[in-house]
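# Analysis of the macromolecular model
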Amino acid sequence: MATTEFGRVLAAAQDGAHWAIAVLWRELHPSLLRFLRGLDHAVAEDVEADTWLVAARDLGSFRGDEHQFRAWMFTIARNRLIDTRRREARRPSVAMPTDALGEHAADDDPAVTVIDVLNANAAIALVREYLPPDQAEVILLRVLGGLDVEEVSAIVGKRPGNVRVLQHRGLRRMAERLSLGSSERRAVTP
Amino acid sequence: MTPRVGNPSGMDPFALDAGTAERLVTGAADVGDAPPGYQDVARTLEALRTVPESWELADEPAAVARIGAAVVVRQRPRPMRRVRRARRSARRAPRAAVAAAVVVASAVFVTGGFASAGSLPAPAQDAASAVLGKVGISVPTGNDGPANVENPPAATDNAPAPSGASDPAGPASVSPAPPGAASPTPGVDAAPGEGGKTDTRGNGQGELHGKQHRGTSGANANGQDNGNPSTGSPSQGQGNGNNDR
């Protein structure tokens, strides 16, 4: 979206124009939902909806370009996810037997995913499955948010050097795990 | 350093430099440009960036309506501020009224106290007396009260005795003096001066006068008590009169 175009859309959205809100939503909703699903699949949709409501409440006070708007939205999404996790942690939980989990394998289980026909859902599942949360968060913010190292460091509260290290380790870990999976697939498929 | 198992060349198959990592995450390096060990990674990251599928945008109308409602709510700050200000002023009004009532009550209490003590200035005392008199409370006017206390009617020998007003027993006490009870010696008692006025009738009258005053008026009684009417000494009479003043 061009800068002037984004400014016009943002101004209209701040006035409550539904067409402008729809433009912003179509632009950011898929990335935000994928980012949240990559970190926590169970609460992603609720947190994403909550993110938009928080953003709508503060939309009138936002000043910046499209890039800053993306960073702002991902910051809100991350903060809402942290709040939701804290809230969930305070609730009493009932332990589920591990045998029951094996009976309900997800459709996008990365173990059965064929890399050649990988779609967004499967890619998200791979990231969530293979990477620790801090590495997954950095890589998803960089890839889905289109944010640079400094912006990601500001969002996650780490120094840019630490963000680069997490990104490097995450990519390497993904490569190792995917390579291992490819070997297994080759062994299974003659 | 021991080479990795399965990598006879001794090179790390997953070695990654910072530039390549940056190109991978930004999408500058596609699957064909990625290093051998990172082609699947590049494919995975590319899949993350794919255009949204239809099901991902299916909720658009409801979501936009929900967000639009939240934005519109945010757009009405001015009336809300006015209402809040009005509420604030309404909350503050009772406090101001209570404070004013406390101030007024304190002023009335203090003024009433001064008025009852007769300590106000004369015009204010008159006004307070008039106002409080209408509601059945009697307070001294500006002409009496503290003025009498500060300047008591001294029954001194110097002042002309206002016997009719302040000492009603005075004239009566003089007349019943028994004749001849004392032998007045005019040359001695009356001559020395003003202090001897009360003693002109002799020691017996002076003593009687003093006793009468003791029972009627404190101020006059003191004056007479300090004196020695039995002797009628002009020096003592003069001195007592000065002391009383």
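Overview of the structure. (Residues numbered from 1 in each chain as written. Chains lettered and ligands numbered in written order. Predicted model: local features only at pLDDT ≥ 70, side-chain atom pairs only at ≥ 80, totals over all residues. Heavy atoms only, no water.)

## Brief notes about the packing of helix α2 (residues 18–39) of chain A against helix α7 (residues 133–144) of chain A
Helix-helix packing is characterised by the crossing angle of the two axes and by the distance between the axes. Residue and element names in this part refer to chain A. Viewed as axis vectors pointing N to C, α2 and α7 meet at an angle of 170°, and their least axial separation amounts to 9 Å. One way to sum up the angle between α2 and α7 is to call them roughly antiparallel. Between α2 and α7, the contacting residues are Ser31, Arg34, Phe35, Gly38 and Leu39 on the first element and Pro133, Ala136, Glu137, Leu140, Leu141 and Leu144 on the second. Per-class residue counts for the contact of α2 with α7 are 7 nonpolar, 2 polar and 2 charged. (Axes fitted to C-alpha atoms, helices over the stretch in contact; angles between N-to-C directions. Helix = DSSP H or I, 4+ residues; strand = E, 2+ residues; numbered from the N terminus. Parallel < 35°, antiparallel > 145°, perpendicular 65-115°, else oblique. Contact = heavy atoms within 4.5 Å. Nonpolar A, V, L, I, M, F, W, Y, C, P; charged D, E, K, R; others polar.)

## A short note on the nonpolar core
Counting residues in each nonpolar core, the largest one holds 77 residues, and the members touching the most others are Phe35(A), Phe69(A), Phe74(A), Leu171(A) and Leu48(B). Per-element accounting of this core gives the leading share, 11 residues, to α2(A). For Leu48(B), the residues in contact, after removing those within four places along its chain, are Arg34(A), Ala120(A), Ala123(A), Ile124(A), Val127(A), Leu140(A), Val143(A) and Leu144(A). (Core = buried A, V, L, I, M, F, W, Y, C linked by side-chain atoms within 4.5 Å. Buried < 20%, exposed > 50% of the residue type's maximum accessible area, 1.4 Å probe, protein only.)

## A few points about the interface of chain B and chain A
Contact residues are listed per partner, giving 38 residues for chain B and 45 residues for chain A. Summed over the three residues of chain B that lose the most area to chain A, namely Phe14(B), Leu48(B) and Ile67(B), the buried surface amounts to 17% of that side. Here Arg26(A) ties to Glu60(B) by a salt bridge, and the two come within 2.5 Å at their closest N and O atoms. At the boundary of chain B with chain A, the tally comes to 10 residue pairs in polar contact (both at pLDDT 80 or more). (Buried area = accessible area lost by both parts, 1.4 Å probe. Salt bridge = Lys/Arg side-chain N within 4 Å of Asp/Glu carboxyl O. Polar contact = N/O pair within 3.5 Å; in protein donor to acceptor, adjacent residues only side chain to side chain.)

## A short note on the pattern of salt bridges
In total, this model carries 15 salt bridges over all chains according to the counting rule given. Residue Glu5(A) is joined to Arg8(A) by a salt bridge in which the shortest nitrogen-to-oxygen separation is 3.3 Å. One end of the pair is Glu5(A) and the other is Arg8(A), both in helix α1 (residues 3–14) and 3 residues apart, which spans about a single turn. With a relative accessible area of 31%, Glu5(A) lands in the partly exposed category. Classification of Arg8(A) as partly exposed rests on a relative accessible area of 48%. As a salt-bridge pair, Glu56(B) and Arg34(A) come within 2.9 Å of each other at their nearest N and O atoms. Separated into two different chains, Glu56(B) in the loop between α2 (39–48) and α3 (60–74) and Arg34(A) in helix α2 make up a pair that spans both. As far as burial versus exposure is concerned, Glu56(B) and Arg34(A) are alike and both buried.

## Points about the packing of aromatic side chains
All names here are of chain A. Evaluated as defined, the whole model comprises 6 aromatic pairs over all chains. For the ring pair Phe62 and Phe69, a centre distance of 5.3 Å and an interplane angle of 75° mean the geometry is edge-to-face. Here Phe62 and Phe69 have matching classes, each one buried. Among the aromatic residues, those joined into a ring-pair cluster are Phe6, Phe62, Phe69 and Trp72. (Phe/Tyr/Trp six-rings, centres within 6.5 Å; stacked < 30°, edge-to-face > 60°.)

## Notes on helix α6 (residues 120–130) of chain A
In terms of burial, α6(A) is largely enclosed, as 8 of its 11 residues are buried. Two to three positions downstream of the cap, the backbone nitrogen of Asn121(A) sits 3.3 Å from a side-chain oxygen, assigning the N-cap of α6(A) to Asn119(A).

## Comments concerning helix α8 (residues 149–156) of chain A
All names here are of chain A. Counted residue by residue, α8 has 6 buried out of 8 residues, so it is predominantly covered. Of the positions making up α8, those classed as buried are Val149, Glu151, Val152, Ser153, Ile155 and Val156. N-capping of α8 is provided by Asp148, with a side-chain oxygen placed 3.3 Å from the backbone N of Glu150. A positive backbone phi angle near 75° is found at Gly157, which sits one or two residues after α8.

## Details of the packing of α6(A) against α2(B)
Running from N to C, α6(A) and α2(B) cross one another at 120°; their axes reach a closest spacing of 8 Å. One way to sum up the angle between α6(A) and α2(B) is to call them oblique. Crossing geometry of α6(A) relative to α2(B) is assigned as left-handed. Across the interface between the two elements, Ala120(A), Ala123(A), Ile124(A), Leu126(A) and Val127(A) from α6(A) touch Thr44(B), Ala47(B) and Leu48(B) from α2(B). Residues that form the contact of α6(A) with α2(B) fall into these classes: 7 nonpolar, 1 polar and no charged. (Left-handed = near helix turned anticlockwise from the far one by under 90°.)

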